[in-house]
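The primary structure of each chain is shown beneath.
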Amino acid sequence: MTKMSDVAKLAGVSTATVSRVLRNPEAVRTATKQKVLEAIEELKYQPNMLARHFRRSETNTILVVVPNIINTVFAEIVGGIEDEASRNGYRVLLRNSNNQIDSEYGSIEHMKQRQVDGMILLSPKLDEDTLLDINKKYPIVLATAHLDVTKIPVVSIDNVNSSKKATEHLISLGHRRIAHVAGPLHSLISKYRFKGYRQAMKENGIDFDTNLIREGEFTFESGYEQMLQLLDYNFPPSAVFAASDEMAMGVINAAKHRGIKVPDDLAVVGFDNIKFSSIFDPPLTTIAQPKFGMGKRAMELLIKKI
């Protein structure tokens, strides 16, 4: 059986260099990497990943916990994670929690059993104390979340200021009756986007009407249903800031079905800049998140922790 030392000898390098080519090829000079790859090809060398795992207690696999895999926002973030993971010799194991906290707790077992080297949680529902406890024992990174502690790496845009800008855009167009279709308000992201909306309204001297606040589920269907309720209100809005593009599209369709033209009769702003937003009819005004870049950054931070 061909060993790593055989590859090193043929390539004229150390075994450490061969290992580096296998785990992190970007860190090796092109000429050296080429010699090692040619030696691997000539000797038909196949690394024993299982033996490496037992010897070094590393799996070169990371776990990504996603609350809803069909949500395009999370899908693009995972794309960034996988891109950075692949460049650094890591595999990605995906777990769809379906927004169930029990499933997130179950993910911790992968860490306890050393089946993965680290974990990235997207919009976790786990409480802060639990996350801090996990962070003491295992490498974890949070994405599209926010905590008021600095002990856990978090990758997130400024949801408060971004939502404030979205609302201020509608105010600049002359709107005063601006509704907000929020995400689930138990979610930190939803709370921060609602906070930005409130700040913009308050700083511009616009009275706050609780009847113009509707709680959705970050889905097209919930945006549609919440907009129908807004339109049934005695004083319906002239503009809507939706906390996600999918809900914004549901808002627009509900308005259309009631004979209301967008943007002539109703202005709508979404959040996320999903790919479909630019080809929707009408094209959606939205706040863009650098989703792929957020995924790459989350993986970079996790590798540093590992």
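Residues numbered from 1 in each chain as written. Predicted model: local features only at pLDDT ≥ 70, side-chain atom pairs only at ≥ 80, totals over all residues. Heavy atoms only, no water.

Enquirer: How would you summarise the sheet that holds strand β2 (residues 91–96) if you had to cite specific residues and measurements?
Expert: Across the sheet, five strands lie side by side as β2-β1-β3-β4-β5; this open sheet has parallel pairing. Of all the strands in the sheet, the pair left with one neighbour each is β2 and β5 (154–155). Across two bridges, strand β4 (residues 140–143) lies against β5 in parallel orientation. The partner of Leu142 across the bridge, within β5, is Val154. Along the sheet, helix α6 (residues 101–112) contacts β1 (61–66), β2 and β3 (118–122); its crossing angle with β2, the most-contacted strand, is approximately 155°. (Pairing = 2+ DSSP bridges. Helix = DSSP H or I, 4+ residues; strand = E, 2+ residues; numbered from the N terminus. Contact = heavy atoms within 4.5 Å. Axes fitted to C-alpha atoms, helices over the stretch in contact; angles between N-to-C directions.)

Enquirer: Talk me through the side chain of Asp272; I want residue IDs and the actual numbers.
Expert: Examined against the element boundaries, Asp272 turns out to sit in strand β9 (residues 267–272). Residue classification places Asp272 among the buried positions, given a relative accessible area of 6%. Those residues within four positions of Asp272 in sequence are excluded, and the remaining contacts are Val73, Arg193, Ser244, Asp245, Thr286, Ile287, Ala288, Gln289 and Lys291. (Buried < 20%, exposed > 50% of the residue type's maximum accessible area, 1.4 Å probe, protein only.)

Enquirer: Give a detailed account of the pairing of β2, specifying residues and quantitative values.
Expert: Note that β1 and β2 share six bridges and pair parallel. Of the residues in β2, the one forming a bridge with Ile62 is Val92. Viewed along the sheet, the connection from β1 through helix α5 (residues 72–87) into β2 turns out right-handed. (Right-handed = clockwise from strand over helix to strand, strands pointing away.)

Enquirer: Give me the packing of aromatic side chains: which residues, what numbers.
Expert: Tallied over the entire structure, the rule returns four aromatic pairs. Here the aromatic rings of Phe194 and Phe208 are separated by 6.3 Å at their centres, their planes lie at 50°, and the arrangement is tilted. Of this pair, Phe194 sits in helix α9 (residues 188–203) while Phe208 sits in the loop between α9 and β7 (213–215); the two residues are 14 residues apart in sequence, bridging distant segments of the chain. Feature note: the residues Phe194, Tyr197 and Phe208 constitute an aromatic cluster, connected by ring pairs. Seen from the ring of Phe271, Arg193 lies directly overhead, with NZ or CZ sitting 3.7 Å from the centre. Sitting over the ring of Phe280, Lys256 keeps its end group 5.7 Å from the ring centre. (Phe/Tyr/Trp six-rings, centres within 6.5 Å; stacked < 30°, edge-to-face > 60°. Lys NZ or Arg CZ within 6 Å of the ring centre and 35° of its normal.)

Enquirer: How would you summarise the sheet that holds β9 if you had to cite specific residues and measurements?
Expert: Read from one edge of the open sheet, five strands run β7-β6-β8-β9-β10, paired in parallel fashion. The open sheet terminates on both sides in strands that have one partner only, identified here as β7 and β10 (285–288). Going from strand to strand, the sheet's axes swing by 15° on average, the running direction of each strand aside. Sheet analysis places β9 next to β10, joined by four bridges and oriented parallel. When the bridges of β10 are listed, Asp272 appears paired with Ala288. Its contacts with the sheet place helix α8 (residues 159–172) against β6 (178–182), β8 (239–242), β9 and β10, and it is angled at close to 165° to β9.

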